[in-house]
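Below are the chains, spelled out letter by letter.
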Amino acid sequence: MAASITVPCVLMRAGTSRGPFFLREWLPDDETQRDEALIGAIGASDLLQLDGVGGGSTLTSKVAIVSRSARADCDVDYLFAQVGFGTRSVDTRPNCGNMLSGVGPFAIEQGLVPACDGATRVRVHNVNTGARIDVTVQTLGGRVRYDGSTRIDGVAGTAAPIQLDFLDAWGAVTGSVFPTGRRIDVIDGVELTCIDAAMPLVIVRAADLGVRGSEQPAELDADAALLARIEALRRAAGHAMGLGDVSNSVVPKPVLVSAGDGEHSITSRYFTPRRCHASHAVTGAIGVAAAFALPGTVASAAACRGGARDVTVLHPQGRIDVAVAIEGEGGSSQITRAALVRTARKILQGDLHLPDYVFSRPATKPEIATAPSRAPSPTDTGDEAMKSILAPVLTATAVATLATAAGTAAAPAFAQAYPSKTITVVVPTAAGGGNDAMARTIAQKLGPLLGQTIIVDNRAGANGSIASEYVARAVPDGHTLMLGYIATHAMNPALQKLRYDPVADFEPVGLIGTSPTLMVASPNAAIKDVKDLVAQLKAKPDRYAYASAGNGTAPHFAAELFKLNAGVVMLGVPYKGAAPAVSDTIGGQTQIMFPSLFTGVPHVKSGKLKALAIAGPKRSALLPDVPTLKEAGVDGVDVQQWYAFFAPAKTPKAVIDKLNKALNQVLADKEIIKRIEDHGADVETSTPEQLGALVKSELAKWKGVVQRAKLTAD
């Protein structure tokens, strides 16, 4: 019986963001378990976040953790966490000013700060940046008031105003408001301002990059050349600001500015950093307003003066009004205060139920309650009674392992009876793709051979992590198998820490086949061949952008390996799957991609994509005229994708051997060989031991690529 885990939670809309608010003591003390709880709360593993309170967007995948402050000059500590969607990640490096607007009301209602009659000031210490902010909340009659007449753009209706006064956010990250020592720098012929005011920013005039600055985010995001130019400037500015190599960092944020609708306003397009924000970050608005109010920047107002003034930052959803205070004149002027008004709404309060599978080990926090186990029945066997007693504290995998260990002596008899019920083959990608087609092709022959029905269960998402975790936790009796491949058992585990181990949590069954990766170009790009592409990129780094099916996938790794071995720079644009990545490459929004042969060949043959090379050891019979990358002059880019069957760890060896024998028999069938080859793969079989050695060697290989290319899952 699975443990039921609940924690108190308040779900709030804060500014133009939304997310759960927690007191620190409501969450596990252990940081890893705390992050796992947040991932489970938001439902991060799913792009739509169906299994949590997230909304399938970065703006609704945010968490606020509040506690009494460790600082004598502050009331509460606020730790902001950005939770992933489609990836199990928690990032506490950035800050969020919108979520900050909910911290004051939450702290008052949780008894951390006594309420006054009228308005209550809560001094907040932002743990992420070390900055202090005064949050003033309306507390009519000593109770938090959410209703009111204040409207903020991007939010329906009106609410009570919440004022945010930033006291010392100036130079909080770099140590200086202008970390380069100049108010205007010139990088690659472009004037820009590097400023650290609430958030490190790189501000560029939109006109200097050939755009108006009033475009909608989707239009800017579709301009791959613009995104590549912005990213190149951001990286160079990051070095100049003393932040080092920022290629895998979310700061500094790039901003394009243009004229506002009056003398006190400025138009801003804020990037996060590789996509344009749907509206605008609060901390980013403060930085833009500061650059507007201070003289000598690329964003400076026509008339800059000392003292207090109101600045309006225009963004795609409307406007943010910021009150700033400037001391001094000219080059010696400094910003001393910035304030703005947000609103918040408490959506619901209660118990948040967290599924036990989100935790890599049983949660140990005393405050996290588990449902009582059922009492052992007098009719239970010893094993059943033991599992009943231990169910609340054992993970599903541990229970399955216990059962397997207890039944080891009976393994040969069990293997003879196997399979005794329907077999499920879990596929980590969506139906209709190459992996799915391969699994269904094999299942049609394997089922009759084993004497049982085989069903294919597609569990796509999180670059294969969802399917992998599911199979790793399944009962190890051979009735749940997985079609794993290079991404699930080598690339993604090499890139990030996952809640499954590709070696320890699986029993290798056997290899199915291998397939090279194809390098393609948009027909709209002026690229003759690989040699021409390399020459163009060396002459102008980041001239072209490559598309991938997401970080940790084969198209992502192939592109990064190509960059390393060719000595070139390209901006990577991750998509939520291969289909949109291919679509944008066909349309020219991105220019290069490394799809699988199965995905790419139909588009090459229809003329929608141009095949440049095979990223493998030999040419493909499907495209015999396309050279390998080695033949084209770039050696060392061998992304040979492979596919295999796996079972949960502790599956009896006799069962594994039976499956391997049957699988290899299916793969010797000429009809099966042809059908798999039609999908762009070559049949290749193995013993379980050979597959296990392959997984270990591939994992080591791609960990090396991650280190060399300094890749992250962000």
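Residues numbered from 1 in each chain as written. Predicted model: local features only at pLDDT ≥ 70, side-chain atom pairs only at ≥ 80, totals over all residues. Heavy atoms only, no water.

Observations concerning the pairing of strand 4 (residues 76–83)
Phase 1: The buried fraction of strand 4 is high, at eight of eight residues.
Phase 2: Burial of the side chains of strand 4 extends over both faces: Val76, Tyr78, Phe80 and Gln82 are buried on one face and Asp77, Leu79, Ala81 and Val83 on the other.
Phase 3: Across seven bridges, the pairing between strand 3 (residues 62–68) and strand 4 is antiparallel. Within strand 4, the position partnered with Val66 by the bridge is Tyr78. (Buried < 20%, exposed > 50% of the residue type's maximum accessible area, 1.4 Å probe, protein only. Helix = DSSP H or I, 4+ residues; strand = E, 2+ residues; numbered from the N terminus. Pairing = 2+ DSSP bridges.)

Overview of the confidence of the model for the chain
Low-confidence regions, as indicated by low pLDDT, have predicted coordinates that should not be scrutinised in detail.
Phase 1: In this model, the chain carries a mean pLDDT of 87, and residues with pLDDT of at least 70 account for 91%.
Phase 2: Confidence drops under a pLDDT of 50 for residues 365–412, and excluding neighbours within four residues, the segment shows 58 contacts in the predicted structure. (pLDDT = per-residue confidence, 0-100. Contact = heavy atoms within 4.5 Å.)

Here's the deal with the sheet that holds strand 24 (residues 571–574)
As a general point, the strands of a sheet are linked pairwise by backbone hydrogen bonds and lie either parallel or antiparallel.
Phase 1: Overall, mixed pairing links the five strands, which are arranged 24-23-25-22-26 in an open sheet. Two strands in the sheet have a free side with no partner beyond their single neighbour: strand 24 and strand 26 (610–615).
Phase 2: Across the sheet, helix 12 (residues 530–539) touches strand 22 (517–521), strand 25 (592–593) and strand 26, and the angle it forms with strand 26 is around 90°. (Axes fitted to C-alpha atoms, helices over the stretch in contact; angles between N-to-C directions.)

Topic: the sheet that holds strand 21 (residues 506–515)
Phase 1: With mixed pairing, six strands are arranged side by side in an open sheet as 19-18-20-27-21-28. Edge strands, defined here as strands with exactly one partner in the open sheet, are strand 19 (454–458) and strand 28 (682–683).
Phase 2: Here strand 18 (residues 423–427) pairs with strand 19 via five bridges, running parallel. Paired with Val426 across the strands is Asp457, a residue of strand 19.
Phase 3: On top of the sheet, helix 11 (residues 486–495) reaches strand 20 (480–485), strand 21 and strand 27 (641–648); it is set at about 55° to strand 20, its chief contact.
Phase 4: Packed on one face of the sheet, helix 18 (residues 688–709) meets strand 21 and strand 27 and runs near 75° to strand 21.

A short note on helix 17 (residues 670–678)
Phase 1: Two or three places before Glu671, at the opening of helix 17, Asp669 has a side-chain oxygen 2.8 Å from that residue's backbone nitrogen.
Phase 2: Backbone geometry just after helix 17 places Gly680 at a positive phi near 85°. (Polar contact = N/O pair within 3.5 Å; in protein donor to acceptor, adjacent residues only side chain to side chain.)

Digging into the packing of aromatic side chains
Phase 1: What the rule picks out here adds up to seven aromatic pairs.
Phase 2: Taking 6.4 Å as the distance between ring centres and 10° as the angle between the ring planes, the aromatic pair formed by Tyr485 and Tyr643 counts as stacked. With a gap of 158 residues between them, Tyr485 in strand 20 and Tyr643 in strand 27 connect regions that are remote in the sequence. Per residue, the accessibility class of Tyr485 equals that of Tyr643, and both read buried.
Phase 3: Pairing Tyr500 with Phe506 gives two aromatic rings, centres 6.1 Å apart and planes at 90°, and the pair type is edge-to-face. The pair Tyr500 / Phe506 is uniform in exposure class, with both members buried.
Phase 4: Through a chain of ring-to-ring contacts, three or more aromatic side chains come together here, namely Phe21, Trp26 and Phe106.
Phase 5: Over the aromatic face of Tyr470 sits the side chain of Arg459, whose NZ or CZ is 3.7 Å from the ring centroid. (Phe/Tyr/Trp six-rings, centres within 6.5 Å; stacked < 30°, edge-to-face > 60°. Lys NZ or Arg CZ within 6 Å of the ring centre and 35° of its normal.)

Overview of the state of the cysteines
Phase 1: Under the counting rule described, the total for this entry stands at zero disulfides.
Phase 2: In this model Cys74 remains outside any disulfide bridge; the closest cysteine sulfur is found in Cys116, 17 Å from its own.
Phase 3: Its sulfur unpaired, Cys276 is 16 Å from the next cysteine sulfur, which belongs to Cys96. (Disulfide = S-S within 2.5 Å.)

Describing unusual backbone geometry
Phase 1: Put simply, Thr272 and Pro273 share a cis peptide bond, and its omega is 5°.
Phase 2: Mapping Pro273 onto the fold places it in the loop between strand 13 (265–270) and helix 5 (282–293).
Phase 3: A cis geometry characterises the amide bond from Tyr418 onward to Pro419, with omega recorded as -5°.
Phase 4: Within the element layout of this structure, Pro419 appears in the loop between helix 8 (411–417) and strand 18.
Phase 5: Despite not being glycine, Asp542 has its phi angle at roughly 65°, a positive value.
Phase 6: For Asp542, the position within the fold is in the loop between helix 12 and strand 23 (545–548).
Phase 7: One non-glycine residue, Lys650, lies in positive phi territory at about 80°.
Phase 8: Tracing the sequence through the fold places Lys650 in the loop between strand 27 and helix 16 (653–666).

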